[in-house]
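Geometric and topological summary
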Amino acid sequence: QTVVTQEPSLTVSPGGTVTLTCASSTGAVTSGYYANWFQQKPGQAPRALIYSTSNKHSWTPARFSGSLLGGKAALTLSGVQPEDEAEYYCLLYSGGAQVFGGGTRLTVL
Amino acid sequence: EVQLVESGGGLVQPGRSLRLSCTASGFTFGDYAMTWVRQAPGKGLEWVGFIRSKTYGGTTEYAASVKGRFTTSRDDSKSIAYLQMNSLKTEDTAVYYCTRGYYYGNTPFDYWGQGTLVTVSS
């Protein structure tokens, strides 16, 4: 079964830039993995941010962007705001199933 | 306004069954796949499975951890998706969410329910 790996935690200063990554145990992540990214704050349902690697939902702030980077899916936040402090999850499609990464806890400090 | 409301959660003994419902409103339910995601207390998200729309055959896919025990179905006339959970284990304890769409198509996972808690314990 595919294992999807994310950084457990990252810290960024307000106004800074941070990149979260999402790796697959099956090899390089490509567009065929249809990477999705979600943000979740305590006590809330997840909120979708990015789909199919780099497409934004209508509510996704412009400072969020998705890409492929070094064989991984990546979520970059540019000009981080205090409200971006949250857990971030990627979701990859792999062989009919989908698998979430373990999540990255982003601290804005 | 699009809404998804899960129901049917509760306390159940190991080995027993439970059926969750996801009642949708505000959109043409039959046009969309529906996905189930769960989250154990204090843990990360886990993809459970999805059901495609009838246009794409209404076929299903499941995570290995629930395959053979869980089944998702849909009643497009009632705008409800179901998750039938059999042979429940303590490790199935989680908040269960339904969400619209799946990996393929426009704006997947754009709407989520509030979740329903399933506790498997003796």
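To keep things clear, this report deals only with the structure shown in the data block. (Residues numbered from 1 in each chain as written. Chains lettered and ligands numbered in written order. Predicted model: local features only at pLDDT ≥ 70, side-chain atom pairs only at ≥ 80, totals over all residues. Heavy atoms only, no water.)

So, about the overall build of chain B. Looking only at helices and strands, chain B has zero helices and 10 strands in total. Walking chain B from its N terminus toward its C terminus, one meets helices and strands in the order β-β-β-β-β-β-β-β-β-β. Over its C-alpha trace chain B gives a radius of gyration of 14 Å, about what one expects of a compact globule, namely 14 Å for 122 residues. Along the longest, intermediate and shortest principal axes, the C-alpha atoms of chain B span 40 × 25 × 25 Å. Taken over 122 residues, chain B has a buried fraction of 51%. A separation threshold of at least 6 residues defines the contact pool for chain B, and within that pool the share at least 24 residues apart is 53%. As displayed, chain B offers around 5,500 Å² of accessible surface, 46% of which is attributable to carbon and sulfur atoms. (Helix = DSSP H or I, 4+ residues; strand = E, 2+ residues; numbered from the N terminus. Rg over C-alpha atoms; globule rule 2.2 N^0.38 Å. Buried < 20%, exposed > 50% of the residue type's maximum accessible area, 1.4 Å probe, protein only. Contact = heavy atoms within 4.5 Å. Areas by Shrake-Rupley, 256 points an atom, 1.4 Å probe, with all protein chains shown as cover.)

Residues and elements named next belong to chain A. Applying the stated rule across the entire model yields two disulfides over all chains. Between the sulfur atoms of Cys22 and its disulfide partner Cys90 the distance amounts to 2.1 Å. Across the S-S bond of Cys22 and Cys90 the torsion is about 80°, and the bridge reads as right-handed. Of this pair, Cys22 sits in strand β3 (residues 17-24) while Cys90 sits in strand β9 (residues 86-94); the two residues are 68 residues apart in sequence, bridging distant segments of the chain. With respect to class, Cys22 is no different from Cys90; both count as buried. (Disulfide = S-S within 2.5 Å.)

Another aspect to go through is the environment of Phe38 of chain A. Within the secondary structure layout, Phe38 of chain A lies in strand β4 (residues 36-40). A sequence separation of 26 residues divides Phe38 of chain A from Val12 of chain A, and the C-alpha atoms of the two residues are 18 Å apart. In contact with Phe38 of chain A, not counting residues within four places along its chain, are Pro46, Arg47, Ala48, Leu49, Glu87, Tyr88, Tyr89, Leu91 and Phe100 of chain A together with Phe109 and Trp112 of chain B.

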